[in-house]
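Chain by chain, the residues run as shown.
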Amino acid sequence: MQGLMMDYPLTLQHAYNRAVRIFPRKEIVTRTEDGIHRYTYREWGKRTAQLAHALHNAGFQEGDRIATFGWNTYRHLELYFAVPCLGAVLHTLNIRLFAEQLVYIINNAEDKIIFVDGDLVPLLESIAGELKTVKQYVIMGEAPQSSGKLHPSVDYESFIANQPETYDWPQLDENTAAAMCYTSGTTGNPKGVVYSHRSVFLHSMGVGLADGAALSERDTVLPVVPMFHANAWGFPHAGIMMGSKFVLPGRFLDPLKIAQLMAEEHVTVACGVPTIWIGMLQMLEREQLDLSSLRAIYCGGSAVPRSLIEGLNHKNLNIVHAWGMTETSPLASLCKLRSYQLDLPLEEVFRIKAKQGTVLPCVDFRVVDMETGQEVPWDNKSYGELQVRGPWIARAYFADTESAAKFAEGWLRTGDVAVVDEDGMLQLVDRTKDLVKSGGEWISSVELEGLIMGYHKVLEAAVIGIPDQKWSERPLACVVPKPDYVGQITKEEIIEYLTPHVAKWWLPEDVAFVEAIPKTSVGKFDKKVLRARFEA
Ligand code: ADP
């Protein structure tokens, strides 16, 4: 027997229509060169429709890839909805990639037009000659250093000017592509992940769930995570759907500027990778700011060190650990204390909050022994590769023939190594490629660096495996001292600090003090660069 419910398509058109009809007075605030830009959903809705008309009139149609090269701004948020509601595909380019990766990605996606922030024009100009499919550029804001190499180009405001302020959206199948984003590709070429309207819609509902990020109309959301990194983790889509106020930092990303914006606009929810919050915690040691409206900082992208959770807790800030990948839209698990964990001693609470947590509804997972292929028991000790499936998990990469194994048997093989406790809470031990293999056993680089970052003289630490004749690999700790302790910290004291916490053979072979840990284009520790530097 069939159910008798309507077959109503899950598309972003519904989210857009709902936002402009029901929440016209809600605000979108952006920090720009000229100060704060502020308008309402009403204005945003009109401009989004105008943009859609302009694109349609310029000949863009269903399935066309329309790229952005920009910061988190109101114009980017207009593109986030105009493009998919039209049936085209929003391709958010990572502005921090190397030139050759960008060229590869733009040509692979066959982008037809690129919307670029004025200050980023010179970056694009340097590769414009190699872009095979791009027919037009739209420049958002002033481009003071333009040499005119992007052509034909038009100013964003002229592009959308005089267009009608509403749009009669075409009927779309919910499985139509809405957006695409490339993984940063630690090995081989970057891979395109193509989100559908349905997947974005369902993921937005997941972000909104009480046991998700609980995003609601009452929230004021500040995504520090770039809008080119896995759709800013789905917060723009979800926030618009729920009617949240938005606060967008533009290119002004230093911790003090962000914290000031949070204080002034009474931000309730922020999200970003751990490095951002490590920097902010440092800054808050010196500056007094009222961040009392902030109810949660959602943090992921790499493991959140326990010392960061504790440090922010001392400032009355609640950081919530989340896990995901570009391939998982990205939110897949999130760590909230269970009802029966609320009254645990603080020590215990911090230990739990450092886990990646509980998978959201719609996300199914298993952890599989990497040699036998069998599921591991939920004993918080046995580890294996984390595999996931669900309606917002990718089943293939765009135009790719090499990665079938990554999606075998209907599961996404994440390349992350995890343990599961008896309550089904996940803890990531490492990435398969970052585990240190010492004498036939594994050492978790993530656990070691988390511990080292708990030492009071340490700002950041990354652990890598370096080749060793006897043990095959041994751990090397690369450590950035806090500014006050530069030159006043030794290898011996780090080893002594670690000794009570880990097995003897886990202790780093050596400690290298460095000025900074190199970061990837999305702000994670770049262990590839560290390995290359220390291999010899
Ligand atoms: P990239 O693979 O280039 O880093 P993604 O942003 O898609 O691009 O990264 C996904 C990966 O980031 C995950 O597979 C995992 O290894 C890591 N990651 C994400 N969130 C966490 C987390 N909370 N703890 C540990 N690792 C994480």
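Please read all numbers here as calculations on a predicted model, not as lab measurements. (Residues numbered from 1 in each chain as written. Predicted model: local features only at pLDDT ≥ 70, side-chain atom pairs only at ≥ 80, totals over all residues. Heavy atoms only, no water.)

Under the domain assignment used here, the protein contains domain 1 (12-209) and domain 2 (434-536). Relative to domain 2, the C-alpha centre of domain 1 lies at a distance of 40 Å. (Domains from an automatic or database assignment.)

So, on to helix H1 (residues 12-22). If you check which residues of H1 are buried, you get Leu 12, Gln 13, Ala 15, Tyr 16 and Ala 19. Considered in projection along H1, the buried side chains sweep an arc of 160° and stay on one side of the axis. In this structure, H1 carries Arg 21 and Ile 22 as exposed residues pointing more than 90 degrees from its buried face. As for H1, its buried residues are in contact with helix H2 (41-57), helix H3 (74-86), strand E8 (177-182), helix H7 (197-208) and helix H8 (235-242). (Buried < 20%, exposed > 50% of the residue type's maximum accessible area, 1.4 Å probe, protein only. Helix = DSSP H or I, 4+ residues; strand = E, 2+ residues; numbered from the N terminus. Arc of directions from axis to C-beta. Contact = heavy atoms within 4.5 Å.)

What surrounds the ligand is a group of 17 residues, the closest being Ser 184, Ala 322, Asp 416, Arg 431 and Lys 524. Thr 326 has a polar backbone atom sitting 2.7 Å from an oxygen atom of the ligand. In the model, an oxygen atom of the ligand is placed 2.7 Å from a nitrogen or oxygen of the Lys 524 side chain. Calculation on the ligand without its partners gives an accessible area of 570 Å², and the protein chains cover 91% of this total. Mapped onto the shell around the ligand, the elements with two or more residues apiece are strand E14 (319-324) and strand E20 (426-431). Per element, the largest residue contribution to the shell around the ligand is four residues, and it comes from E14. (Near = heavy atom within 4 Å. Polar contact = N/O pair within 3.5 Å; in protein donor to acceptor, adjacent residues only side chain to side chain. Areas by Shrake-Rupley, 256 points an atom, 1.4 Å probe, with all protein chains shown as cover.)

Before going further, it helps to examine the side chain of Lys 524. Following the sequence through the fold, Lys 524 ends up in the loop between strand E25 (510-513) and helix H15 (527-534). The charged side chain of Lys 524 is buried without a salt bridge, its nearest counter-charge being Asp 416 at 8.2 Å. The contacts of Lys 524, once residues within four sequence positions are left out, are His 229, Gly 301, Arg 431, Pro 518 and Lys 519. (Lys, Arg positive; Asp, Glu negative; His and termini not counted. Salt bridge = Lys/Arg side-chain N within 4 Å of Asp/Glu carboxyl O.)

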